Amino acid sequence: MAKFLRDLLDAEEPIFTESLRQLEHASGRTAADTKLIGDIVAKAHENLRQMGLSPAIATGEEVYHGLEARLESDIKRLVRIIGAEESRSEDVQYLVPFMVKAANSVNFNRKVFVIKHESAKNLLRQMPPKALMEKLGYDDIEAMFDHEDFSELYTALRFSEGPEWLNRYDELFETVTPEDYEERDLKIVVMDHNKYVDLAAHFVQKKLHNVTHTKEMGVIVVTPMYAKTMRGLVLKTLPLLFHYMNEVKLYSTFFKLKSQQPHFGKTVVSTLVADPGDASLMVGHKIHWRVIQRYLGKHKEDSISTIAFEPHVQPEDLHWRRAEDLLFELDPELEFWKDRDYVGLIYDGFPVAFNLFDVSFAYSNKEPYENRYAYHFRESLWNEIFVRYMGFKNLASQVLEKLDNSAVSPEKLPVRKPKTVPALRRENSKHDLLVRRRLIDAAEGRLDGVTEEFDKVFDMLGKYDKTVTVFGSARKPQEDGISSNAYELSRRLAGDGYAVVTGGGYGVMEASNRGAYDAGGNSIGLNILLPHEQSLNNYTTESFQFQHFFGRKVAMTLDASAYIFFAGGFGTLDELFEILALEETNKIPRAPIILVGSDFWGPVDELIRTLLLERFGTISDNDHKLYKVMDNHDDIIHVINQYEHELNKSKD
């Protein structure tokens with residue numbers, strides 16, 4: 001299962017697989033990677049269907065351009081929401097004030113722990129920024145302080161002074177103490193266009209955007225740019241403003257945390273420099289996850305290091321996730337992109353990311369399909385893998401504690417081991433099915449994770465009033481008569497309002513899901529992930545992927561209006577006789593059990609009748625009547641509707 005994730009990340013082996021094994025051991029959460037894979041596929045397919053694309057046949061280019069088309073409509077709506085004119089959605093100078101106003105309007109705690117202006121001025125008095133002073137026409141630094149906005153000045157240092165000056169300034173900054181810091185409000189500044197446009201030109205050209213910040217000053221700056229227009233400006237600049245608000249806040253919290261410890265200035269500088277360091281990833285036999293504060297490359301061959309392709313967590317991703325939350329606060333319709341940060345599918349050897357910011361930045365920069373972005377998606381996926389095993393609380397706390405480029409040791413983190421889910425017992429009493437109660441009681445004592453699966457799948461299936469469960473061979477191709485029969489019957493059942501439930505695999509299951517899907521009905525797959533044999537078909541509107549056959553078997557018998565069996569092998573026969581036994585012993589309601597296709601099921605029926613009923617008497621005549629062998633779809637649907645009618649009448 002790790003191969004799917006490894007390919008998305010282009011992760012280094014064997015470190016990647018070993019790191020997952022260690023996370024599993026440290027957390028006690030088995031196969032969290034397979035659950036993550038299921039979520040990625042389900043969310044991607046949901047988005048594809050919303051864009052009118054078929055998951056089974058859509059090409060990478062179609063997906064990429066479909067996401068861009070969705071983004072275009074989002075941009076137009078968001079421009080209107082912030083009060084600007086849609087016709088001027090690419091006008092930089094016009095739109096910037098609207099975006100800054102929107103950023104200042106959201107609910108956000110702006111108190112930050114940052115360097116005092118006077119302390120920063122004292123540092124610059126010791127090292128006057130001569131290039132900046134010359135550019136602005138000052139011989140005296142005090143005159144510059146008196147007449148210029150200090151936040152703009154301080155940010156402009158990175159544009160005006162060369163690397164040698166900045167390195168020496170970092171050394172000087174190591175002398176600051178906690179007394180040089182204070183709490184004040186985070187500030188968003190729009191730099192003076194005429195004074196700074198040429199200084200910022202290189203930055204804008206390199207970054208392809210016009211927002212930067214100074215963490216130690218608590219300032220976010222919109223830089224001037226020569227370009228008068230920028231494609232997709234509002235979903236590039238506004239997210240960056242939100243991103244930097246969260247980033248400045250995180251660093252502020254970290255600096256305040258470190259203010260109680262020695263060598264404060266050195267800690268601040270080493271954190272701001274943000275180098276990943278060269279500490280060994282392997283510590284003894286343990287793989288430790290680095291905390292990396294910057295993006296290192298799109299491909300291995302482009303990267304200064306392979307660190308980005310080894311286990312790590314990324315504070316940047318947390319800022320982007322929180323930036324999304326602020327965007328959703330402004331525009332709830334942007335939730336098409338919600339929880340898609342870590343979602344992507346491989347096409348033509350490289351991911352197509354469903355990450356809002358990868359799509360937005362690529363759109364703004366007019367990148368073709370071949371140059372699509374996956375920076376933010378990959379960093380988010382690394383974080384998500386860590387979260388699925390160790391929990392978000394551990395991620396957030398470790399990022400904060402290790403922001404000065406230390407490594408995270410998963411084996412030392414506190415993790416609550418998976419326990420039974422109380423909601424299951426509530427579900428038991430509501431449904432009052434003895435078999436489920438006994439099975440769950442057994443699961444609670446023996447199987448980690450099974451109860452959690454029950455809780456989720458019961459919640460999912462509980463949304464549907466009428467369900468029909470379809471069984472059959474996974475080996476039959478779609479053009480086979482058996483699969484065609486399953487397709488047509490499921491299509492008609494979905495048209496009658498029944499949710500069609502299958503095992504989510506291929507063959508008859510795929511045909512049934514496809515029939516319901518094509519009819520515009522509810523098509524559900526209760527899939528189980530196996531090493532080589534089964535994966536989810538592309539025609540489910542909702543799905544759940546089990547790790548345990550045990551839980552899946554229970555879910556497949558959950559309050560169905562009918563159980564329909566097409567030709568199949570051992571698995572299909574196993575399901576048939578289990579359901580017959582459960583109905584025979586009154587452990588589940590006696591819903592219709594329909595065996596479709598007399599050419600296949602006729603001999604099976606004859607065997608049951610002559611061998612079990614007549615010759616050996618191991619079943620009763622009533623047991624033999626528990627199922628029907630049928631061929632006509634009208635008759636089948638009539639039997640199911642009649643059962644549903646009688647059931648509803650008894651409830652009334």
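Keep in mind that this is a model prediction, so the values were computed, not measured.

## Focus: the overall build of the protein chain
Move 1: On a plain count of helices and strands, the protein chain comes out with 27 helices and 19 strands.
Move 2: In the protein chain, which comprises 652 residues, the proportion classed as buried is 56%.
Move 3: A sequence separation of at least 24 residues applies to 72% of the contacts in the protein chain between residues at least 6 apart.
Move 4: For the protein chain, the accessible surface area stands at approximately 28600 Å², while carbon and sulfur atoms represent 49% of it.

## Some points on helix α22 (residues 508–518)
Move 1: Burial analysis of α22 places nine of its 11 residues in the buried class, the great majority of the element.
Move 2: Listed as buried for α22 are Val-508, Met-509, Glu-510, Ala-511, Ser-512, Asn-513, Arg-514, Gly-515 and Ala-516.
Move 3: One or two residues past the end of α22 sits Gly-520, with phi positive at roughly 75°.

## Let's talk about the pairing of strand β17 (residues 562–565)
Move 1: Residue alternation in β17 divides its side chains into two sets, Ala-562 and Ile-564 and Tyr-563 and Phe-565, and both sets are buried.
Move 2: In the sheet, strand β13 (residues 467–471) pairs with β17 via four bridges, with the strands oriented parallel. Note that in β17 the partner of Val-468 across the bridge is Ala-562.
Move 3: Bridge count between β17 and strand β18 (residues 593–596): three bridges; the pairing is parallel. Note on β18: the bridge partner recorded for Ile-564 is Ile-594.
Move 4: Handedness of the crossover joining β17 and β18 through helix α24 (residues 570–584): right-handed.

## Some words on the environment of Lys-195
Move 1: By the secondary structure assignment, Lys-195 is in helix α11 (residues 193–207).
Move 2: For the pair Lys-195 and Leu-136, spaced 59 residues apart in sequence, the C-alpha to C-alpha distance is 7.2 Å.
Move 3: Among residues more than four places away in sequence, those in contact with Lys-195 are Lys-135, Leu-136 and Glu-148.
Move 4: A polar atom in the side chain of Lys-195 sits 2.7 Å from the side chain of Glu-148.

## As for helix α10 (residues 163–173)
Move 1: Within α10, the full set of buried residues consists of Trp-165, Tyr-169, Leu-172 and Phe-173. Down the axis of α10, the sector holding all buried residues measures 95°, keeping them to one side. Opposite the buried face of α10, by more than 90 degrees, sit the exposed residues Pro-163, Glu-164 and Glu-171.
Move 2: In this structure, the buried side of α10 is in contact with β1 (111–115), α6 (117–126), α9 (150–160), β2 (181–185) and α13 (264–273).

## Description of the pattern of salt bridges
Move 1: Enumeration over the complete set of coordinates arrives at 29 salt bridges.
Move 2: A salt bridge links Glu-142 to Arg-125, with the shortest nitrogen-to-oxygen separation between them at 2.5 Å. One end of the pair, Glu-142, is in helix α8 (residues 141–147); the other, Arg-125, is in helix α6, with 17 residues separating them in the sequence.
Move 3: Exposure remark for Glu-142: the relative accessible area of 30% places this residue in the partly exposed category.
Move 4: The network of salt bridges with shared partners includes Arg-70, Asp-74, Arg-77, Asp-331 and Glu-333.

## Some thoughts on unusual backbone geometry
Move 1: Notably, Leu-208 is not glycine yet its phi reads approximately 60°, a positive angle.
Move 2: With respect to the helices and strands, Leu-208 occurs in the loop between α11 and β4 (211–214).
Move 3: At His-263, a position not held by glycine, the phi torsion is positive, near 60°.
Move 4: Judged by relative accessible area, which is 59%, His-263 ranks as exposed.

## Brief notes about the nonpolar core
Move 1: Counting 130 residues, the largest nonpolar core has Phe-173, Val-234, Leu-238, Phe-242, Met-245, Leu-381 and Ile-385 as the members making the most contacts within it.
Move 2: Counting residues per element, this core draws most heavily on helix α12 (residues 234–258), at 12 residues.
Move 3: Ranked by size, the runner-up nonpolar core spans 35 residues in total, among them Leu-461, Tyr-464, Ile-588 and Tyr-643.

## A short note on the side chain of Glu-216
Move 1: Within the secondary structure, Glu-216 sits in the loop between β4 and β5 (219–222).
Move 2: One buried charged residue, Glu-216, remains without a salt bridge, the closest side chain of opposite sign being Arg-158 at 5.7 Å.
Move 3: A distance of 3.4 Å separates the side chain of Glu-216 from the side chain of Tyr-154, its partner in a polar contact.
Move 4: With sequence-adjacent residues up to four places away left out, Glu-216 is seen in contact with Val-114, Ile-115, Tyr-154, Phe-173, Tyr-181 and Leu-272.

## Regarding the sheet that holds β4
Move 1: Pairing within the open sheet is mixed, and its three strands lie in the order β3-β5-β4. Across the chains shown, the open sheet's two edge strands, defined by having one partner strand only, are β3 (187–190) and β4. Each strand axis lies, on average, 25° off the axis of its neighbour in the sheet, ignoring direction.
Move 2: Relative to β5, β4 runs antiparallel, the two being bridged by four bridges. Along β5, the bridge assignment pairs His-213 with Ile-220.
Move 3: Of the strands in this sheet, β3 and β5 touch helix α5 (residues 92–105), which is tilted by about 175° from β3.
Move 4: The sheet strands contacting α12 are β3, β4 and β5, and the helix crosses β4 at an angle near 15°.

Criteria and cut-off values
As a convention, each chain's residues are numbered from 1 in the sequence order in which they are written. In keeping with the predicted nature of the model, local features appear solely for residues at pLDDT of at least 70, side-chain atom pairs appear and are counted solely at 80 or more, and the whole-chain, interface and lining totals rest on all residues. The side-chain values count all of the structure's non-hydrogen atoms but skip hydrogen atoms and water molecules. Secondary structure elements are defined from DSSP: runs of H or I of at least 4 residues count as helices, runs of E of at least 2 residues count as strands, and each element is numbered from the N terminus. Between buried and exposed lies partly exposed: a residue is buried under 20% and exposed over 50% of the maximum accessible area for its type, with that area taken using a 1.4 Å probe on protein chains only. Any two residues having at least one pair of non-hydrogen atoms within 4.5 Å are treated as being in contact. Note on areas: Shrake-Rupley with a 1.4 Å probe; residue coverage comes only from the protein chains shown. Paired strands, as defined in this entry, are two strands with at least two bridges between them according to DSSP. Seen with its strands pointing away from the viewer, a crossover is right-handed when the path leading from the first strand over the helix to the second is clockwise. Polar contacts here mean pairs of N or O atoms no more than 3.5 Å apart (in protein, one a potential hydrogen donor and the other a potential acceptor; neighbouring residues in sequence count only if both atoms are side-chain atoms). This arc is built from the directions going out from the helix axis to the C-beta atoms. Criterion for a salt bridge: a side-chain nitrogen of Lys or Arg within 4 Å of a carboxyl oxygen of Asp or Glu. The set of buried Ala, Val, Leu, Ile, Met, Phe, Trp, Tyr and Cys residues whose side-chain atoms join them within 4.5 Å is what this entry labels a nonpolar core. Positive charges are assigned to Lys and Arg, negative charges to Asp and Glu, while His and the chain termini are left out of the count. Structural elements are reduced to axes, namely lines fitted to C-alpha atoms, with helices fitted over the stretch in contact, and the angle between N-to-C directions of any two is expressed from 0 to 180 degrees.

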